[in-house]
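Geometric and topological summary
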Amino acid sequence: MYFNLIVIISFRCIKEVKSIPSVLTGLEAGKELQAKLKVEINAKLEEAKAAGGHKGIMANKLALMKLKGRAKGDNTIPRTERIFFTVDCPNRQQNPIPLDLFMGITWTMGKTVDFVAKQGSIKNKNHLPQGPFLHLFKGETCISKPFNKTIQQLISEELLVDGDSLSLRFV
């Protein structure tokens with residue numbers, strides 16, 4: 001896309017310079033193309049996951065690699081002890097996009113819930129004796145009861161896998 005630029009030269013002469021490319025519209029077009037490609041790639045990944053087999057395994061590995069690239073967390077955790085999750089928050093207006101986070105594999109579920117609540121700017125009142133408590137769910141299964149269980153224990157019980165999608169809910 002091009003636009004016309006009017007240049008004012010001294011002695012009140014006006015000169016019109018034509019066909020200068022708009023950098024801004026080029027950037028906008030690039031962002032639109034990138035968003036479109038991202039949607040297409042995610043759709044193909046979901047298709048491959050649903051198909052299962054070798055393609056499903058590769059799609060899961062690719063999704064985990066993408067998650068590791070954009071996840072946030074405590075950088076003091078050694079890379080070998082990190083586990084990655086995508087977490088949906090209870091308030092969609094406050095956090096419309098799921099949080100991509102990593103935690104320590106030795107963390108208890110209480111510490112994990114506190115960390116996710118802090119990252120999502122959610123008021124956590126789990127220390128109070130009454131009221132709704134925050135819990136992590138995988139599907140419809142509450143995985144954060146009891147709060148003293150570690151992520152490693154949940155992995156050994158095959159309740160959690162690296163790269164799982166979880167949801168934080170008030171119960």
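This text goes with the structure placed above it.
Residues numbered from 1 in each chain as written. Predicted model: local features only at pLDDT ≥ 70, side-chain atom pairs only at ≥ 80, totals over all residues. Heavy atoms only, no water.

Okay, a nonpolar patch on the surface next. Together, L33, L37 and I41 make up an exposed nonpolar region whose accessible area comes to about 270 Å². Relative to the assigned elements, L37 resides in helix α1 (residues 23–51). When its relative accessible area of 42% is taken as the criterion, L37 is described as partly exposed. (Patch = residues over 30% accessible without salt bridge, like charges linked within 9 Å, V, L, I, M, F, W, Y side chains within 5 Å. Areas by Shrake-Rupley, 256 points an atom, 1.4 Å probe, with all protein chains shown as cover. Salt bridge = Lys/Arg side-chain N within 4 Å of Asp/Glu carboxyl O. Helix = DSSP H or I, 4+ residues; strand = E, 2+ residues; numbered from the N terminus. Buried < 20%, exposed > 50% of the residue type's maximum accessible area, 1.4 Å probe, protein only.)

On to the packing of aromatic side chains, then. Following the criterion strictly, the structure yields two aromatic pairs and no others. With centroids separated by 5.6 Å and ring planes inclined at 50 degrees, the aromatic side chains of F84 and F102 adopt a geometry described as tilted. With F84 in strand β4 (residues 82–88) and F102 in strand β5 (residues 99–104), the pair connects residues that are 18 residues apart, well separated along the chain. Exposure remark for F102: the relative accessible area of 3% places this residue in the buried category. Note on W107 and F115: the rings are 5.2 Å apart at their centroids and 75 degrees apart in plane angle, and the pair reads as edge-to-face. For the pair W107 and F115, a shared accessibility class is recorded, and that class is buried. (Phe/Tyr/Trp six-rings, centres within 6.5 Å; stacked < 30°, edge-to-face > 60°.)

What follows deals with the sheet that holds strand β7 (residues 141–142). Either a parallel or an antiparallel arrangement is found when strands of a sheet pair, and the pairing is made through backbone hydrogen bonds. Taken in spatial order, the six strands line up as β3-β5-β4-β8-β6-β7 in an open sheet, and their pairing is mixed. Looking along the sheet, the strands with just one partner apiece sit at the ends: β3 (72–73) and β7. Direction of pairing for β3 relative to β5: parallel, over a ladder of two bridges. Directly across from G73, in β5, lies its bridge partner F102. Relative to β4, helix α2 (residues 53–70) is tilted by about 90 degrees, and along the sheet it contacts β3, β4 and β5. The sheet strands contacting helix α3 (residues 109–119) are β3, β4, β5, β6 (134–138) and β8 (165–170), and the helix crosses β5 at an angle near 145 degrees. (Pairing = 2+ DSSP bridges. Contact = heavy atoms within 4.5 Å. Axes fitted to C-alpha atoms, helices over the stretch in contact; angles between N-to-C directions.)

We now examine the pattern of salt bridges. Inspection of the entire model under this criterion finds five salt bridges. Across the pair D88 and R92 runs a salt bridge, and its minimum N-O distance is 3.7 Å. Relative accessible area serves as the criterion here: at 45%, R92 is assigned to the partly exposed category. A salt bridge links D164 to K138; its shortest N-O distance comes to 2.9 Å. Taken together, the residues span a long stretch of sequence, with D164 in the loop between α4 (151–156) and β8 and K138 in strand β6 at a distance of 26 residues. Overall, the relative accessible area of 29% leaves K138 in the partly exposed class.

We now examine the pairing of β4. Taken across its seven residues, β4 has six buried, putting it largely inside the fold. Bridge count for β4 against β5 is six bridges, and the pairing is antiparallel. Looking across to β5, one finds that F84 is bridged to F102. Pairing analysis gives three bridges linking β4 to β8, with the strands arranged parallel. Along β8, the bridge assignment pairs T86 with S165.

In short, geometric facts, not functional conclusions.
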